Amino acid sequence: QVQVVESGGGLVQAGRSLRLSCAASTSIFGSYTMGWYRQAPGNQRELVGIITSGGFRNYADSVKGRFAISRDNAKNMVYLQMNSLKTEDTSVYYCNASLLESYYWGQGTQVTVSS
């Protein structure tokens, strides 16, 4: 079982930046694809972006050019740098670790963007 823990959420004004962090407890962290997802009230959970074990990144169109994912395999950490935040970015953000058929989710961290 892999434990995934997000941190860094909070309240921020539109146009500002915020960085989320995610720690995963596994000795083979570098093999995992790490992803960030978000879910706003009444909406389905949606992909924000992923970073594969090889460093390939993919982002949702809604965040391209504003958000950036990075990982530090030595620290078992993945980050989501969010710039130029908009009110519509308000959601609970979840970190996901996936490898083959195994998926592990964190409990989420709330991000609220005020106008």
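Everything that follows concerns the structure shown earlier in this document.
A short tour of the structure in this document, coming up. (Residues numbered from 1 in each chain as written. Predicted model: local features only at pLDDT ≥ 70, side-chain atom pairs only at ≥ 80, totals over all residues. Heavy atoms only, no water.)

Moving on, we come to the packing of aromatic side chains. One pass over the full model with this rule turns up one aromatic pair. In this arrangement the basic side chain of arginine 45 is found over the ring face of tyrosine 94, its NZ or CZ atom lying 3.7 Å from the centre. (Phe/Tyr/Trp six-rings, centres within 6.5 Å; stacked < 30°, edge-to-face > 60°. Lys NZ or Arg CZ within 6 Å of the ring centre and 35° of its normal.)

Once that is clear, we can look at the environment of valine 48. Mapped onto the elements, valine 48 comes out in strand 5 (residues 46-51). The exposure class of valine 48 is buried, given its relative accessible area of 1%. C-alpha separation for the pair valine 48 and valine 63, spaced 15 residues apart in sequence, amounts to 7.0 Å. Once residues lying within four places of it in the same chain are set aside, the contact partners of valine 48 are Trp36, Tyr37, Arg38, Asn58, Tyr59, Ala60, Val63, Phe67, Leu80 and Tyr93. (Helix = DSSP H or I, 4+ residues; strand = E, 2+ residues; numbered from the N terminus. Buried < 20%, exposed > 50% of the residue type's maximum accessible area, 1.4 Å probe, protein only. Contact = heavy atoms within 4.5 Å.)

What follows concerns the pattern of salt bridges. Inspection of every chain in the model, using the stated rule, returns four salt bridges. Of the charged contacts, one joins glutamate 46 and arginine 38 as a salt bridge, the two residues approaching to 2.7 Å between their closest N and O atoms. One salt-bridge network, in which partners are shared between bridges, spans Arg38, Glu46, Arg66 and Asp89. (Salt bridge = Lys/Arg side-chain N within 4 Å of Asp/Glu carboxyl O.)

Quick look at the sheet that holds strand 1 (residues 4-7) now. Pairing within the open sheet is antiparallel, and its four strands lie in the order 1-3-8-7. The two strands at the open ends of the sheet, each matched to only one other strand, are strand 1 and strand 7 (67-72). Across the sheet, the mean angle from the axis of one strand to that of its neighbour is 15°, orientation sign disregarded. Where strand 7 and strand 8 (residues 77-82) come together, six bridges link them in antiparallel fashion. If you follow isoleucine 69 over to strand 8, its bridge partner there is leucine 80. (Pairing = 2+ DSSP bridges. Axes fitted to C-alpha atoms, helices over the stretch in contact; angles between N-to-C directions.)

Another point: the environment of tyrosine 94. Summarising the element assignment, tyrosine 94 is placed in strand 9 (residues 91-99). Between the C-alpha atoms of tyrosine 94 and leucine 20, which are 74 residues apart in sequence, the distance is 9.8 Å. Those residues within four positions of tyrosine 94 in sequence are excluded, and the remaining contacts are Glu6, Gly35, Trp36, Tyr37, Gln39, Arg45, Trp105, Gly106, Gln107 and Gly108.

Now for unusual backbone geometry. Here serine 84, not a glycine, exhibits a phi torsion of approximately 50°, which is positive. Residue position: serine 84 is located in the loop between strand 8 and strand 9. With a relative accessible area of 41%, serine 84 lands in the partly exposed category. With a phi close to 55°, leucine 100 is a non-glycine residue in the positive phi region. Residue position: leucine 100 is located in the loop between strand 9 and strand 10 (102-105).

Geometry only, nothing functional implied.
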